[in-house]
Amino acid sequence: MTGPADTAGPEARPAGGLSPEALAQARELVALYPEPRSALVPLCHLVQAEHGWLTPQAMVEVADLIGVTPAEVLGTASFYDMLHTEPVGKYVIGVCTNIACLLNGGIELLEHAEERLGTRAGATTADNLFTLEEVECIALCDKAPCLTVNWRFFGPLTHDGFDALVEDLAAGRLEGEVPRHGILNRVRREGGLRVAREEVLAERAASDQALEQRKAAREAVEKREQAQQGQGGKQGGKGSA
Amino acid sequence: MITDAAPIVTARLRQHADSHTLERYLATGGYRALRKALSMHPEDVAAEVSKASLLGRGGAGFPAGRKWSMLRPNPVRYLTVNGDESEPATFKDHLLIECDPHQILEGSLITAYAIGAAQVFIYVRGEFALGLERMQSALNEAYRYGAVGRDIFGSGFSVDVVVHPGAGAYICGDETGLLESLEGKRGFPRIKPPYYPAAMGLYGEPTVVNNVETMSNIPWIVLHGGDAFASLGEGSSTGTRLFALSGHVRRPGNYEVEMAKTTFSDLIHAPVYGQGLRAGRTLKAFIPGGASSPWFGPELVDLPLSQDEVAKHSSMLGSGSVVVMDDTTCAVRAAWRITRFFARESCGQCTPCRVGSGWLEKIMRRIEDGAGREEDLDLLLDVCDNISPELVWPPQQTTICPLGPSIPPSIYSAIRMFRDEFLVHIKDGACPYA
Ligand SMILES: Cc1cc2nc3c(=O)[nH]c(=O)nc-3n(C[C@H](O)[C@H](O)[C@H](O)COP(=O)(O)O)c2cc1C
Ligand code: SF4
Ligand code: FES
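Throughout, residues of each chain are indexed from 1 in the direction in which the sequence is written. A letter from A marks each chain and a number from 1 marks each ligand, given out in the order of writing. Per-residue local features of the predicted model are confined to residues with pLDDT of at least 70, and side-chain atom pairs are confined, for both listing and counting, to 80 or more; whole-chain, interface and lining totals are unaffected and use all residues. Here the side-chain values reflect all heavy atoms present in the structure, with hydrogen atoms and water set aside.

1. Focus on the interface of chain B and chain A
One widely used convention gives an interface's size as the accessible area the parts lose upon coming together. Here is the rule: Between two residues, a contact is recorded if the distance between any of their heavy atoms is within 4.5 Å. Once two parts are joined, some of their accessible surface, as seen by a 1.4 Å probe, is lost; buried area is that loss totalled over both. Note on definitions: salt bridges are taken to be side-chain nitrogens of Lys or Arg within 4 Å of carboxyl oxygens of Asp or Glu. Between N or O atoms, a polar contact is any pair within 3.5 Å; within protein, one atom must be a potential hydrogen donor and the other a potential acceptor, and residues adjacent in sequence are included only when both atoms are from side chains. Secondary structure elements follow DSSP: runs of H or I no shorter than four residues count as helices, runs of E no shorter than two count as strands, and numbering proceeds from the N terminus. Gly is placed with the polar residues, together with every amino acid not listed as nonpolar (Ala, Val, Leu, Ile, Met, Phe, Trp, Tyr, Cys and Pro) or charged (Asp, Glu, Lys and Arg).
With 79 residues of chain B at the interface, the matching set in chain A holds 60 residues. The largest per-residue losses of area from chain B upon contact with chain A belong to Glu133, Ala167 and Arg337 of chain B, which jointly make up 10% of the total buried on that side. Inspection of the chain B/chain A interface yields nine salt bridges. Here Glu134 of chain A ties to Arg340 of chain B by a salt bridge, and the two come within 2.5 Å at their closest N and O atoms. Seen at the junction of chain B and chain A, the total is 33 residue pairs in polar contact (both at pLDDT 80 or more). Contributions of two or more residues to the side of chain B that touches chain A are made by strand E2 (119-124), helix H8 (129-145), strand E3 (160-165), helix H9 (175-182), strand E7 (240-247), strand E10 (321-326) and helix H14 (331-345) of chain B. Classifying every residue of the side of chain B that touches chain A gives 36 nonpolar, 23 polar and 20 charged.

And the structure:
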């Protein structure tokens, strides 16, 4: 089964794996880190941009890219709430019920969402359009009660406002505002690192040396001044009137 | 002083809708501080920050200058900027990341220079999709402009910056959890000692971890001097600080105020800030510094927003978020929801935190649902005591990271302040506010 989140034609993406463009971006990401494994989470985000969730095939590809086993990818990814190990709907709606939202009707909004979508939090609608989640504080507390759709923020929302939002989403009226899954796919890093590691080390050694020299020189001056002060008695100390 | 002036970190974003662009940043004096810093000796840059006595804005309030000075000498050093902001009711870094990413970047570059780091990682909470886009765009612009990369502005100093996304885990906000996450692992906090970031941080190398707002203050400090910064505020609370005000106020939002010169009451009631409670409502309690901090009652509303003053009353300014609860609030429900947050976000490494948080959540839930027993109150406090002995402030820690001791405050605050309300739930077998 492939992710139901795909909006482009099926020919555009391989069954469950990374597309050639995503693979190219993945290689760039791996090259940014001193250790390839650091790219694990970013690569998972790339996979989700394509499929909405972490397909088994993609996890194998991620594992190969960073030199770990697929089990390690799964074992790490399962720690993170944003990384889905099961298929999700086209739109993942996360309603916040944490303290600021709770005080402003967040739990009631979640209950309304469950009723309106006909699904419980944590599940996907039968038409694969919506996955509903209860989320922790999304740092939009001044817009409580609030929610995210594919990590685009909306709030404060009345129950009617929620219904209108769902209708707009279902009718495809918010495609620009709410892109499909993924958080790294709209802005790409331009180029890789500019400073080679060997250069850094050489530069650092040189600057550390210079620093030491300057410090030694300064200390010598200070010592001399202290010696002079010691002879001339205490002058203009901090506490002098 | 109750004014709308935003002297430091929010000045630009409040005046300009395009404050996130390089064009606007340069037009409003951006990257001047970096040029100035690069003309100074790194140690002198660090000295200015020490003079400013800038306290970390991530929650622990540790002086930034002192943190930098603790870095183990080593050819490779890293700077990691903490933009994971997930403390409930905290939403200031979200604003800074989306609306002034260049300011964060400039502060980070200056810091990298001051501490001799050749690589910077800006860890941005994964949920901040727009923030990640803005941060990466700003970085792309800065590379093109020559503020990042090789031989910055011809100074001979070189540094690379990587914007790294999180993926939804509160515990990755803890500095060592963050470093684990940045290494591509589960965000399990590390045991200290030996894993103090300054000694053994990212990939085992000495690392400074600083908050996004902390970094945002650096350019101003370099331009105006540490003394100018230290002249704002009072005591150890210098400069300005962003407070995220939420809950039952008319105008929730982020407000930058001079430290120690403004009170909680000003923040809640002043026309330029929260504009008070809704009509006919009275203040029941407020949380002074994020979900991890002990609550205050209305009698403490005139306390100044000062780290020392709040500590004197056994709480903290923490992450700078103030949650207002009016008289319609059920204290049991509020404390239960906060407890459930910690129960969900506990990483599970330490038994008192993993098991204790689950128990506490269940007991709180059954009281709220009307199925509680009177003995539950003692049981709650007993379990809390096992996580953080004596329930004193500052809390004692039996766990690897401070998340564990962050669980009890909302529970013991609610019990100490609103014991009657718990008893009504238990006696009536229902929530009186439902
Ligand atoms: C459970 C937990 C969550 C934390 N979350 C954050 C966070 O989201 N952002 C942050 O800057 N600091 C957070 N901290 C504090 C960091 O560990 C660290 O003290 C901070 O990033 C240091 O930066 P500062 O000195 O500039 O404040 C958290 C700490 C704990 C224990
Ligand atoms: S205190 Fe809790 S969150 Fe922190 S390391 Fe222990 S189990 Fe994990
Ligand atoms: S509590 Fe809901 S966004 Fe912060």
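2. Considerations on the site of ligand 2
Residues and elements named next belong to chain B. To keep it simple, the criterion reads: Here a residue is near a molecule or strand as soon as one of its heavy atoms is found within 4 Å of it. In this analysis the probe radius is 1.4 Å and the grid spacing 1 Å, with only protein atoms considered; a cavity is a set of points the probe fits into but cannot get out of, a pocket is an open set with protein on both sides within 12 Å along at least five of seven lines, and lining residues have an atom within 4 Å of a point. Molecules are considered to sit inside a cavity or pocket once more than half of their atoms lie within 2 Å of its grid points.
In the vicinity of ligand 2, 13 residues are found, and the nearest of them are Cys347, Gln349, Cys350, Cys353 and Cys401. Put simply, ligand 2 lies in the second largest cavity. Counted by class, the shell around ligand 2 contains eight nonpolar, five polar and no charged residues.

3. Quick look at the site of ligand 1
Residue and element names in this part refer to chain B. For clarity, the threshold we go by: Only the protein chains shown count as cover for residues, and all accessible areas are computed by the Shrake-Rupley method using a 1.4 Å probe.
What surrounds ligand 1 is a group of 18 residues, the closest being Gly58, Lys67, Asn210, Asn211 and Thr214. Thr214 has a polar side-chain atom sitting 2.7 Å from an oxygen atom of ligand 1. Contact with the protein chains hides 91% of the accessible area of ligand 1, taken as 610 Å² for the molecule alone. Broken down by element, the residue count for the shell around ligand 1 peaks at three residues, all from strand E4 (residues 207-211). Broken down by class, the residue content of the shell around ligand 1 amounts to four nonpolar, eight polar and six charged.

4. As for the environment of Pro101 of chain B
Residue and element names in this part refer to chain B. Relative to the elements of secondary structure, Pro101 occurs in helix H7 (residues 101-115). When the C-alpha atoms of Pro101 and Met135 are compared, they prove to be 5.3 Å apart, with 34 residues separating the residues in sequence. Not counting residues within four places of it along the chain, the set of residues in contact with Pro101 comprises His20, Leu96, Arg134, Met135 and Ala138.

5. A closer look at the pairing of strand E8 (residues 253-258) of chain B
All names here are of chain B. So the rule is basically this: Throughout this description, buried means an accessible area under 20% of the type-specific maximum (1.4 Å probe, protein chains only), exposed means over 50%, and partly exposed covers the range between. A pair of strands counts as paired when DSSP detects no fewer than two bridges linking them.
Of all six residues in E8, five are buried; the element is thus mostly enclosed. Relative to E8, E7 is paired through six bridges, and the arrangement is antiparallel. In the sheet register, Leu245 faces E8, and the bridge partner there is Gly253. Once E7 ends, the chain turns through five residues before running back antiparallel as E8.

6. Notes on the packing of aromatic side chains
Both the distance between ring centres and the angle between the ring planes are used here to describe each pair of aromatic rings. Residues and elements named next belong to chain B. This is how the line gets drawn: Each aromatic pair joins two rings of Phe, Tyr and Trp (for Trp, the six-membered one) with centres within 6.5 Å, and gets the label stacked for planes under 30 degrees apart, edge-to-face for over 60, and tilted for any other angle. Throughout this description, the term charge over a ring refers to an Arg CZ or Lys NZ atom that lies within 6 Å of the ring centre and within 35 degrees of the ring normal.
Inspection of the entire model under this criterion finds 18 aromatic pairs over all chains. Relative to Tyr273, the ring of Tyr255 lies with its centre 5.5 Å away and its plane at 55 degrees, an arrangement referred to as tilted. Of this pair, Tyr255 sits in strand E8 while Tyr273 sits in the loop between helix H12 (264-269) and strand E9 (283-287), and the two are 18 residues apart along the sequence. Grouping residues by exposure puts Tyr255 and Tyr273 together as buried. Of note, Arg35 hangs over the ring of Phe153, and the distance from its end group to the ring centre comes to 3.8 Å. Against the face of Phe418 rests Lys284, its NZ or CZ located 4.8 Å from the ring centre.

7. Things to note about the domain arrangement of chain B
All names here are of chain B. So the rule is basically this: Start and end points for every domain follow an automatic or database-based domain assignment.
Split into domains, chain B comes out as domain 1 (11-230), domain 2 (233-326) and domain 3 (331-428). Measuring from the centre of the C-alpha atoms in domain 1 to the corresponding centre in domain 3 gives 35 Å. Summing the contributions of domain 1 and of domain 3, the shared interface buries around 830 Å²; its carbon and sulfur component is 75%. For the pair domain 1 and domain 3, the interface holds zero salt bridges. Where domain 1 packs against domain 3, one counts two residue pairs in polar contact (both at pLDDT 80 or more).

8. Here's the deal with the nonpolar core
Formally: The set of buried Ala, Val, Leu, Ile, Met, Phe, Trp, Tyr and Cys residues whose side-chain atoms join them within 4.5 Å is what this entry labels a nonpolar core.
Counting residues in hydrophobic clusters, the biggest one holds 163 residues, and the most contacted among them are Leu43 of chain A together with Trp68 and Trp295 of chain B. Membership of the second largest hydrophobic core comes to 22 residues, among which are Leu267, Leu300, Leu303 and Val324 of chain B.

9. Some words on the packing of helix H1 (residues 20-30) of chain A against helix H3 (residues 56-66) of chain A
Residues and elements named next belong to chain A. Condition: Whenever a helix is involved, its axis is fitted only over the stretch in contact; in every case the axis is a line through C-alpha atoms, and angles between N-to-C directions fall within 0 to 180 degrees. Handedness of a crossing is defined here by the sense of rotation of the near helix relative to the far one, left-handed for an anticlockwise turn of less than a right angle and right-handed for a clockwise turn.
Across the interface, H1 lies against H3 with an axial gap of 10 Å and an inter-helix angle of 35 degrees. For H1 against H3, the interelement crossing comes out right-handed. Residue-level contacts link Leu23, Ala26, Arg27 and Val30 of H1 to Glu61, Leu65 and Ile66 of H3.

10. Remarks on empty space enclosed by the protein
Inclusion rule: Grid points are joined across faces, edges and corners, and a volume is the space filled by probe spheres set on the points.
If you walk through the whole model with that rule in mind, you get three cavities of 30 Å³ or more. Of the volumes computed, that of the largest cavity is approximately 110 Å³. Here the lining of the largest cavity spans two domains, since at least three of its residues come from each of domain 1 (10-77) and domain 2 (91-170) of chain A. Looking at the second largest cavity, its volume works out to about 80 Å³. Taken together, 13 residues form the lining of the second largest cavity, with Cys347, Cys350, Cys353, Cys401 and Leu403 of chain B sitting closest to its centre. Tallied by class, the residues present in the lining of the second largest cavity amount to eight nonpolar, five polar and no charged.

11. Looking at the domain arrangement of chain A
As far as domains go, chain A holds domain 1 (10-77) and domain 2 (91-170). Between the C-alpha centres of domain 1 of chain A and domain 2 of chain A there is a distance of 29 Å.

12. Section: helix H15 (residues 351-368) of chain B
All names here are of chain B. Let me state the cut-off plainly: Take the number of residues in a helix, subtract one, and multiply by 1.5 Å to get its expected span.
Compared with the 26 Å implied by 1.5 Å per residue over 18 residues, the 25 Å span of H15 between its first and last C-alpha is a close match. Listed in full, the buried residues belonging to H15 are Cys353, Gly356, Ser357, Leu360, Glu361, Ile363, Met364, Ile367 and Glu368. On the buried face of H15, the contacting elements are H14, helix H16 (375-387), helix H17 (403-406) and helix H18 (408-428).

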